[in-house]
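# Working through the structure, step by step
Below, each chain spelled out in residue letters.
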Amino acid sequence: MSRTTTFDAIVIGSGITGGWAAKELTEHGLRTLVLEAGGPIDPAKDFVEHVQPWQLHFRGRGDRRSMEKNQFIQKNCYACDEWSGKFFVNDNDNPYTFDADKPFHWIRGRQVGGRSIMWGRQVYRWSDLDFEANAKDSHGIDWPIRYADIAPWYSYVERFIGVSGERLGLSQLPDGEFLKPMELNCAEQMVRTGIAKSFGGERVLTIGRCAILSENHRDRPACHYCGTCERGCITRSYFNSIGVTLPAARATGRLTLRPHSVVHSLSFDTATRRVSGVNVIDANTRQPLTFSARVVFLCASTLESTRILLNSKSPEFPTGLANSSGELGRNLMDHVMGAGASGTLAGMEDHESYGHRPNGTYTPRFRNVKSQHPDFVRGYAFQGGGWRGGFGSDAPGFGREFKAQLLKHGPWGFQFYGFGECLPRPTNQVSLDPVKVDAWGIPALHINCVWSDNEQKLLQDMSVTAAEMLEAAGATNIKPFVDHNPPGLTIHEMGTARMGRDPKTSVLNAHNQAWDALNLYCTDGACMASSANQNPSITYMALTARAVDHAVDQMKRNVL
Ligand SMILES: Cc1cc2nc3c(=O)[nH]c(=O)nc-3n(C[C@H](O)[C@H](O)[C@H](O)COP(=O)(O)OP(=O)(O)OC[C@H]3O[C@@H](n4cnc5c(N)ncnc54)[C@H](O)[C@@H]3O)c2cc1C
Ligand code: SF4
């Protein structure tokens with residue numbers, strides 16, 4: 001038996017983008033229903049950042065047998081361990097398929113808060129170098145917006161969530177509204193000085209810009225450097241939707257949050273040309289339900305949103321809702337990650353770092369900013385950091401000397417770790433698997449995604465330039481590396497319902513509104529027309545706030 005309930009607005013998903021949509025819609029006076037597939041989270045019980053290894057059953061090493069059986073994809077993510085594994089999906093319940101020679105690691109969280117609980121919190125604005133790239137080199141289609149369109153929304157988001165960072169005045173990485181930057185340690189300062197001396201200002205090292213409070217902000221206290229944010233944060237010192245946007249939405253009295261609500265499709269009314277219903281399976285009772293509203297925000301994450309659209313078939317849209325362009329599912333991107341170099345830094349033996357700073361360093365893109373590299377287009381940035389080598393736990397020997405060795409620190413080291421841009425290509429595509437369904441009977445995705453030659457060249461170049469910078473800093477024992485990670489593992493999956501200027505070649509317009517159903521907005525990573533090399537989530541947040549502003553304006557004018 002199905003029933004229908006009506007709201008002003010419906011948001012699908014409660015992660016980073018869904019939380020923002022809920023906050024903005026409710027604060028604009030709309031009665032808003034948030035439909036979330038996963039269960040609720042109780043920070044007091046579920047957040048485990050202060051739990052020690054000896055308090056865990058497997059002492060922090062994890063239940064390998066259970067991981068192999070139930071999280072055989074998720075376990076590839078560094079953050080999916082004995083503490084945080086519960087925030088990642090069960091891969092049996094949430095299957096997808098890929099060809100054996102084209103692996104894709106789809107890392108997901110299904111709970112209130114989505115992946116905002118485990119995310120790495122690195123936040124970097126995009127610039128016109130990124131928004132103009134497609135138009136300039138003809139990969140993909142032109143973005144329908146430029147930096148000036150989104151800049152005020154970046155500021156709006158940063159002021160609310162709190163972002164610590166250093167202003168650099170770089171055109172390719174615009175500055176934001178920053179709280180004070182976290183401090184570099186002595187090794188990082190040494191590398192920063194070495195780079196500054198050797199590359200004429202073209203290459204720069206700074207502290208990461210991150211959505212972690214370096215000082216008290218609004219009603220949230222500063223971070224106390226316990227260091228394992230992917231396990232949650234009881235003091236709400238980093239941004240997640242549970243602690244920041246959803247409480248703001250709740251405070252309006254206009255939020256209805258419905259966990260265990262798995263959206264499987266949207267209904268389309270051909271007469272009004274609007275989404276007329278959001279079709280849900282209650283994850284606990286298996287009861288089908290339908291909800292409706294004047295406006296629907298699709299924020300279920302890049303590939304889940306596209307899956308819902310692909311599964312919303314009707315005589316008018318036989319290949320999925322909002323797919324009159326045929327572009328739905330195409331142009332999947334992720335950042336190519338995993339090349340760089342590490343080295344040892346002599347001296348500073350009397351220095352030690354204090355606490356567990358939950359942040360590293362950042363070296364903004366320097367390739368193809370002012371001049372064109374002959375071998376590849378676009379660019380990459382480095383995350384990384386310096387550290388003091390650990391106590392000698394693998395020292396040889398026994399007895400008194402062995403114990404003395406155990407207490408000795410190693411030397412300082414530094415590593416650059418690159419994240420590169422992925423070009424939009426129509427052949428990197430997702431579609432509905434003809435056979436496989438998930439635990440709720442909803443068709444699973446088939447993912448077809450491979451790196452191109454350009455991404456491989458970026459990786460090679462990362463290992464060369466990282467080694468050059470370590471050399472400039474006086475490092476020894478320099479080890480360049482190139483790891484070949486499958487797409488997906490960077491967890492910056494983007495595209496598949498891109499924004500554009502032309503309904504014939506894009507799914508969404510300049511305001512994230514579906515060309516084919518104007519009361520439908522999709523503001524998660526599915527909307528992206530290119531990938532840049534910066535971590536993308538703050539751009540999704542800014543686009544979400546901007547899209548809500550547009551929707552509310554349209555509703556006031558009775559266009560929606
Ligand atoms: C370990 C890790 C580190 C990361 N580090 C960074 C970083 O440093 N910087 C950065 O920019 N990004 C980072 N990311 C990526 C970032 O988490 C995502 O880009 C971001 O969470 C996307 O927001 P979203 O709202 O689209 O999706 P999510 O936050 O994943 O939320 C989607 C929500 O939708 C729900 N949902 C899905 N399907 C349905 C359905 N059918 N019906 C109802 N609800 C549904 C899900 O349960 C989930 O709650 C990281 C991710 C991980 C896991
Ligand atoms: S390091 Fe800071 S932000 Fe991270 S969990 Fe600890 S207090 Fe929270």
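Okay, so let's go over this structure. Throughout this description, residue numbers start from 1 for each chain and increase along the sequence as written. Chains and ligands are labelled by the order in which they are written, letters from A for the one and numbers from 1 for the other. Thresholds applied to this predicted model are a pLDDT of at least 70 for local features of residues and 80 or more for the giving and counting of side-chain atom pairs; totals over whole chains, interfaces and linings are not thresholded and use all residues. Note that the side-chain values use all heavy atoms of the structure and ignore hydrogens as well as water.

### Section: helix α7 (residues 186-198)
With 13 residues, α7 should reach 18 Å at 1.5 Å per residue; the first-to-last C-alpha distance of 19 Å fits that figure. Turning to α7, its buried residues number three or more, namely C186, A187, E188, V191, G194 and I195. In this analysis, two residues are considered to be in contact whenever any of their non-hydrogen atoms come within 4.5 Å of each other. Each helix is a run of DSSP H or I of at least 4 residues and each strand a run of E of at least 2, with the numbering of both proceeding from the N terminus. Those residues of α7 hidden inside the fold are in contact with β10 (336-345), β11 (361-363), β12 (380-388), β13 (412-420) and α11 (453-472). Looking at where α7 begins, the residue whose side-chain oxygen comes 3.2 Å from the main-chain nitrogen of A187 is N185. Looking at the residues trailing α7, positive phi occurs at G200, about 55°. Each helix should span, by expectation, one fewer than its residue count multiplied by 1.5 Å. For each residue, the accessible area found with a 1.4 Å probe, counting protein chains only, is set against the maximum for its type, and the residue is called buried under 20%, exposed over 50%, and partly exposed in between. Side-chain atoms alone can form a polar contact between residues adjacent in sequence; in general such a contact is a pair of N or O atoms within 3.5 Å, and within protein one must be able to donate a hydrogen while the other accepts it.

### Side note on the site of ligand 1
What surrounds ligand 1 is a group of 38 residues, the closest being T17, E36, R115, G120 and S537. In the environment of ligand 1, a nitrogen atom lies 2.7 Å from a nitrogen or oxygen atom belonging to the backbone of G120. With respect to ligand 1, the backbone of R121 contributes an N or O atom lying 3.2 Å from an oxygen atom. Split into classes, the residues belonging to the shell around ligand 1 amount to 17 nonpolar, 15 polar and six charged. Whether a residue is near a molecule or strand is decided by its heavy atoms; if any one of them lies within 4 Å of it, the residue is near. In this classification, the charged set is Asp, Glu, Lys and Arg, the nonpolar set is Ala, Val, Leu, Ile, Met, Phe, Trp, Tyr, Cys and Pro, and all remaining amino acids, among them Gly, are polar.

### Re the side chain of E188
Tracing the sequence through the fold places E188 in helix α7. Judged by its relative accessible area of 0%, E188 is buried. Of note is the side chain of E188, whose polar atom sits 2.9 Å from the backbone nitrogen of N185. Excluding anything up to four places from it in sequence, E188 contacts E183, L205, R357, T361, G385, G386 and F414.

### What about the site of ligand 2?
Around ligand 2 sit I212, C223, H224, C226, G227, C229, G232, C233, T235, S237, Y238 and P358, and that is every residue in its neighbourhood. A class-by-class count of the residues in the shell around ligand 2 yields seven nonpolar, five polar and no charged.

### Concerning the pairing of β13
For β13, the buried fraction is high: seven of the nine residues fall into the buried class. Pairing of β10 with β13 involves eight bridges; the strand directions are antiparallel. Within β13, the position partnered with L345 by the bridge is W412. Here β12 runs beside β13; their pairing, made up of nine bridges, is antiparallel. Across the sheet, residue Y380 finds its bridge partner in β13, namely G420. Think of it this way: DSSP has to see at least two bridges between two strands before they count as a pair.

### Re helix α9 (residues 302-310)
Given 3.6 residues to a turn, an α-helix orients residues that are three or four positions apart in the same direction. Judged by how many residues are buried, α9 sits mostly within the fold: nine of nine residues are covered. Considered for burial, the residues of α9 that qualify are T302, L303, E304, S305, T306, R307, I308, L309 and L310.

### Some remarks on the packing of helix α1 (residues 16-27) against helix α12 (residues 537-556)
As a packed pair, α1 and α12 sit with axes 9 Å apart at the nearest point and diverge in direction by 30°. It follows that α1 is roughly parallel to α12 by the angle criterion. The element α1 and its partner α12 pack so that their crossing is right-handed. For the pair α1 and α12, contact is made by I16, T17, W20, A21, E24 and L25 and by S537, Y540, M541, T544, A545 and V548, respectively. Residues belonging to the contact of α1 with α12 are distributed by class as follows: eight nonpolar, three polar and one charged. Only the stretch in contact is used when a helix axis is fitted, and all axes are lines through C-alpha atoms; the angle between N-to-C directions ranges over 0 to 180 degrees. Orientation categories follow fixed angle ranges, with anything under 35 degrees roughly parallel, anything over 145 roughly antiparallel, 65 to 115 roughly perpendicular, and all other angles oblique. It is the rotation of the near helix from the far one that decides the hand of a crossing: anticlockwise by less than a right angle makes it left-handed, clockwise makes it right-handed.

### A few points about the pattern of salt bridges
By salt bridge we mean one thing: a side-chain nitrogen of Lys or Arg within 4 Å of a carboxyl oxygen of Asp or Glu. A full pass over the atoms with the stated rule returns 32 salt bridges. For K23, the salt bridge goes to E24, with nearest N and O atoms at 3.0 Å. Residue K23 shares its accessibility class with E24, and that shared class is buried. Several salt bridges converge on common partners, so that one network encompasses R108, R110, E304, R307 and D438.

### Focus: unusual backbone geometry
With a phi angle near 50°, R218 is a residue other than glycine that sits in the positive phi range. On the accessibility criterion, R218 (60% relative accessible area) is exposed. Phi is positive for N368, close to 55°, though the residue is something other than glycine. With respect to the secondary-structure elements, N368 resides in the loop between β11 and β12.

### Some points on the side chain of S506
Among the secondary structure elements, S506 is positioned in the loop between β16 (476-482) and β17 (513-514). A polar atom in the side chain of S506 sits 2.7 Å from the backbone oxygen of D502. Within the local environment of S506, its side chain forms a polar contact with the side chain of W515, the two groups lying 2.9 Å apart. Once you skip the residues sitting within four places of it in the chain, S506 turns out to touch I141, S325, E327, R498, M499, G500, R501 and W515.

### Structural notes on the packing of aromatic side chains
Stacked, tilted and edge-to-face are the three classes assigned to paired rings of Phe, Tyr and Trp, where Trp is represented by its six-membered ring and a pair needs centres within 6.5 Å; plane angles under 30 degrees give stacked, over 60 edge-to-face, the rest tilted. Evaluated as defined, the whole model comprises 20 aromatic pairs. Summarising the aromatic geometry, the rings of F268 and F317 are spaced 5.1 Å apart at their centres and angled 80° between planes, so their arrangement reads as edge-to-face. Placement of the pair is F268 in strand β7 (residues 261-269) and F317 in the loop between α9 and β10, with a sequence separation of 49 residues. The class for F317 is buried, based on a relative accessible area of 4%. Taken together, a centroid distance of 5.8 Å and an interplanar angle of 65° make the contact between Y417 and F419 edge-to-face. The class for F419 is buried, based on a relative accessible area of 10%.

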